[in-house]
Every structure is written in structure tokens, then in C-alpha cells.
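The lines below spell out each chain.
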Amino acid sequence: MEFNQSFFQQKLKSGIEFFNKNKLNEAIECFKFLENEKSFQIIAFLYLGIIEIKKNNNENAKKFFFKILEIDKNHEFANLNLGLVFFQEKKVKKTIDYFNKTLSINQENLLAKYHLGLIEMMNKEYENAKKKFEDILLKEPKNLNALNNLGICYFKQINFKKAINLFKQCLNINNKNKQAILNLANCLLQTKDFENSIINYNKVLDIDKDHTIAKIGLSKSYFALHNYEKGFYFFEARKKTQLDNLKITNKLVKDFNCKEWFNEKIDNKKILILSEQGIGDNLQFARYIFWLKEKFNCEIFFYINKKISHIFQNCPCKIINNLDQVNNIDFYQYLLTLPYIQYKIENKFKRCISFISNDISNDLKWKKKLENLKRPIIAIQWKGNEKFLDDQQRSIPFKFFNNLIKDKNYSFLSLQKDNFSKDIKSNNLQEFITDFSEEIDLGDKSFVDTISILNNIDLLISVDTSMTHLASTMGVKTLLLLNSNPDWRWHIELKEKCFYENLEIIEADKINDWESVSFKINNKLKELFKR
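Residues numbered from 1 in each chain as written. Predicted model: local features only at pLDDT ≥ 70, side-chain atom pairs only at ≥ 80, totals over all residues. Heavy atoms only, no water.

From N to C terminus, the protein includes 25 helices and eleven strands. Considering only C-alpha atoms, the protein reaches an extent of 95 × 60 × 45 Å along its principal axes. The buried share of the protein, taken over its 531 residues, is 54%. Sequence-distant contacts, at least 24 apart, represent 62% of the contacts inside the protein between residues at least 6 apart. (Helix = DSSP H or I, 4+ residues; strand = E, 2+ residues; numbered from the N terminus. Buried < 20%, exposed > 50% of the residue type's maximum accessible area, 1.4 Å probe, protein only. Contact = heavy atoms within 4.5 Å.)

The structure is reproduced here in C-alpha cells:
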């Protein structure tokens, strides 16, 4: 049966109408009819591919777009949609290739430009990303996505004033834009405008009452204002972000009919405490396992990663790494909820407990390795995990330690790992600092050599990483280097002096003012070692 062009035109029109009404099966039927009709093939393949994206069938979608490129390799929207699919699949190289191809066909394709900007943001190429978003805004001044992400670029570059202005521009366009309100709140938190950050986080919750990031932001704001009960209350939202622990708690409830513990009597009961977040969190708050044991005659299980479980062997609990190691549990709770429960009962924070064992043989090995270094011996750590969300406000560029490390009154050694020794080489400081990065902690157990080194030094100087908590728990004299608006726990420590007796905080005078920190370190060393 033959059909004329007007029939095919009508099929195409019907398919598009069904597509626009989200009647996808009917649309598919129309476009499938056009697949073999040469003059309608490309548009049929395009719609069929987009429908497959809508149905989360990316592989099928790609097949349709590739069919278009076999006919016309310079088809703008086939290249664009392939870029979007690969972006969704986090295949960055292919994403970049197809978006760049799209822009070579049409340099004004704003969607390709926007997604390339997002990739550059993820790669911390903020200047390139800003250029993409600014180009979009020249064409579309009210593009909220471009405005928001431009603001985030300035936020990441610590230009909070510019970021705040951009987020306010978003809100002038749409005062209910949840992402802009959240971003504004985050900026206000970083600039220590805690009262207004609270107002804006609450605006987010007015729109979305279960917004986890807004609740965590509120917790940080309240901790900074020393309203600890509200800080802890909103900090409970963090549990929703810990997917591995959620799987464990779901299994505990299903298999053991286990309940979350909130200060019920648990004498003669079994309770499982879940480790969480970073290693430093577990080191800092393991003291609350001791509190739990002091308060109740209960059997405590501590679920923690096997690589660090040896560090906690002196805690009054059974260490487990798998639920197969238990056959019955009555209650569970997350480790960082224990200080919340304890604070509500006692209205104070529990002091540090030194629970980390010494490996005498390994300590002696490292004592011998360090015996030729002139005293005092000072270990330093200037960088944390680069994947940490706000690492740009926590890690310190190594150049700020240059003059300090060249001071021959002290012997310096690096406790950095993960190839950060390149910072030493790039600053030509190899002759001034001993670097053990290639020979420490190479086995299955974390920190074995680090602990022995810490037992043989006079001082640790560190940014806010697990190293700080490890040394401070061991009783090693520690100088903690903080930005002007540090993590929530240090707002508590600065006021209450409750976490570590041997730790002293050196805080930047203003955001990322590491020069002021370097100056304070020099003065502190003279004071400590009477130089």
C-alpha cells in the first residue's frame, strides 16, 4: 500500500502531538511508521531516541542517534543528545567530544555549552566554567541554571560577595528558587552571617521540609552560635546521606527487629554502634562508646571498616566488620548521635579518652629511624582529601610553609600520603623536610607506622584531617590550622575547650589568609620551644 507525502506529514504531526502530551506509546507507533521513509527518517529517529531517554533506556536511545549520524554526521541534535546521554552515564570524555562537536556545528548551542561548564566545574576548572555560563547569560540573562552555577564557581573560588550577588539575582527572577536560596544560605554560613543563613535554610525547608542539605546547614549554623541542642537536632539529617549505613540499619530492623536507640534502658541488652563519615569522626567520638558502657550494663558492638578496626581494640566493645558476626541485636545507633543523647542528659561534652595502643616494636623501629634528626622533631600535614566538599578552605598551599620549613632550629617531616610529596619537590624543599610517604602504612592496617612516628615526635602541625584526631587522641601536642570559619566541631572546641587537652587551634584572621596562620605558627614555635 502506497502513501503520499501528506499522509506521512500527518503521521509526523500526530507523533509530535502525542509526544507533547506525554503519550509515548502512541508517539512511538507514529514515529516507527516513518522509520523507513527517507525524507522523515532523521526526525523519526530523533524523537524515538528522545523517547528512549525519557524511558531511561539509554542504550536504545544511543542506537537511534547513531543511526542519524550514519545519515548526517553533522546533525546538531543527534550529537547534542548523545552528549546528554553520556553525561548522564558519567562518561566524561565521550560527553565532551559530542558537546564539542555540537558547538562546532552551532557555537550558539547553549545546552551543550552549559553541560561543558558543569564538567569544568566538576574538574575545578572554574575560570573556564565561568566563561561558559557568562556566554549563556549574554544570550539569556534570566537563565537561572547558568546564574546559579556561575555563583557556585565564585563560591568555590572563595569570592563570596560576588556569589551572593548572583544568587540574589536568581531570587529577583524567582524568589522561590530552592537552589538559589540554598546557595545563598551556604554563602552566608561561610561569611559567618549565621542568623541570616538560618533564615534562608528555613526558607528551603518551607519549600521542601525534608531537604537534607538545608538541615545539615542549619546544624552547622546553630553549632556556630553555640545552640548545641538545635545543632545536634538538625545534624541527625546526615543519616540520610549515608547509604551504606542505611542498608545496614534496614537489615538490622528486618533480620533482628532492631530499634534505634534514644536513651532507653539497655541493661543486659545488645546495641550496635555504626561508625560513620570520616576516620577523624570515629576517632573523635569513640569516647562515647566508653560513656555508653559506663552508663549501662550492656553489650556493645562497633561496626567499623576493617582497615582501621585495630585502632579501636581498646574500646569497651566488640569490633565487627560484617553483620554475619552477630546473631542478635536489640538496638542500634549512629556514633555521632551518641554525643547528642549524652548532651541532652548531662548538658556537657565528654572529655577525650586515650584508647590507642602502642606497638612497642614498631615504635622502636621508628625511634631508630628518627634518631639522627635534630630535636625538636615536628611532623606536618598540609592537605586533606581533595574529594572533600570544601577542601579548598581546609587544605593549605604548601608554599605558606616555605620559610617555616627552612628554619634549621627544627627538624620537619611530612606525614602526607597520596603523592603529595610532589608539593615538596615543586617548592624545592627536599633538603629541609624528611618525606616518608613511600614507606609508611603500606600494609592492610591503616596508620600503623603513623602512630609509631607520632609517638616519636615533639609536635604535629596539621590542617583539619584525621591526623589531627589521631595525634590528639594519643596525647601528642598538636597545632591545628583552621580557616576563619571552621567545621562545626571546632566552633564547640573554641568555646568549650572540651575535645582535646593537648590541641591548640591556630585560626586564620580571614578566609584563606594563610599568611596570618604562618606568622602565628612561627610565634607559637618560639613560645613552645623557647627559641
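With that out of the way, let us pick up the sheet that holds strand E4 (residues 318–320). Spatial ordering of the open sheet is given by E1-E5-E2-E3-E4, a layout of five strands whose pairing is parallel. The open sheet is flanked by strand E1 (259–260) and E4, the only strands paired with a single partner. Relative to strand E5 (residues 331–334), E1 is paired through two bridges, and the arrangement is parallel. Along E5, the bridge assignment pairs Lys-259 with Phe-331. Taken strand by strand, helix H15 (residues 243–256) contacts strand E2 (270–274), strand E3 (299–303) and E5, and its axis lies near 165 degrees from that of E5. On top of the sheet, helix H17 (residues 287–295) reaches E2 and E3; it is set at about 165 degrees to E3, its chief contact. (Pairing = 2+ DSSP bridges. Axes fitted to C-alpha atoms, helices over the stretch in contact; angles between N-to-C directions.)

Pairing is parallel across the open sheet formed by six strands, whose spatial order is E8-E7-E6-E9-E10-E11. Every interior strand has two partners, whereas the edge strands, strand E8 (433–435) and strand E11 (503–507), have only one. Shown here is a sheet whose adjacent strand axes are inclined to one another by a mean of 25 degrees, direction ignored. In terms of strand pairing, strand E6 (residues 377–381) meets strand E9 (residues 459–463) through four bridges, oriented parallel. Directly across from Gln-381, in E9, lies its bridge partner Ser-462. Sheet strands in contact with helix H23 (residues 466–474) are E6, E9, strand E10 (478–482) and E11, and its direction is about 150 degrees off that of E9.

With that settled, the discussion passes to the pattern of salt bridges. This model, assessed by the stated rule, comprises 31 salt bridges. Here Glu-294 makes a salt bridge to Lys-350, at a shortest N to O gap of 3.6 Å. Placement of the pair is Glu-294 in helix H17 and Lys-350 in the loop between helix H18 (338–346) and helix H19 (360–370), with a sequence separation of 56 residues. Taking relative accessible area as the criterion, Lys-350 reaches 15% and is therefore assigned buried. Residues Lys-365 and Asp-449 are paired through a salt bridge, measuring 3.6 Å at the closest nitrogen-oxygen approach. On the criterion of sequence distance, the pair formed by Lys-365 in helix H19 and Asp-449 in helix H22 (residues 448–454) is long-range, its members being 84 residues apart. Lys-365 sits in the partly exposed class, given a relative accessible area of 39%. By relative accessible area, Asp-449 is classed as buried at 10%. Because the salt bridges share partners, they merge into one network encompassing Glu-236, Arg-238, Lys-239, Glu-260 and Glu-276. (Salt bridge = Lys/Arg side-chain N within 4 Å of Asp/Glu carboxyl O.)

In terms of burial, E9 is a largely internal element, five of the five residues being buried. Covered by surrounding structure in E9 are Leu-459, Ile-461 and Val-463 together with Leu-460 and Ser-462, the residues of both alternating faces. The pairing of E9 with E10 spans four bridges and is parallel. Each residue of the ladder has a partner; that of Ser-462, found in E10, is Leu-480. Tracing the backbone out of E9, into H23 and back to the parallel element E10 gives a crossover that is right-handed. (Right-handed = clockwise from strand over helix to strand, strands pointing away.)

Take the environment of Gly-117 next. Assignment of secondary structure puts Gly-117 in helix H7 (residues 110–122). You can call Gly-117 buried: its relative accessible area is 0%. Expressed as a C-alpha distance, the spacing of Gly-117 and Asn-22, which sit 95 residues apart in the sequence, is 30 Å.

Under the definition given, this model contains 36 aromatic pairs. Taking 5.5 Å as the distance between ring centres and 65 degrees as the angle between the ring planes, the aromatic pair formed by Phe-7 and Phe-33 counts as edge-to-face. Highlighted residues: Phe-7 in helix H1 (residues 5–20) and Phe-33 in helix H2 (residues 24–34), separated in sequence by 26 residues. The partly exposed category is assigned to Phe-7, whose relative accessible area is 29%. (Phe/Tyr/Trp six-rings, centres within 6.5 Å; stacked < 30°, edge-to-face > 60°.)

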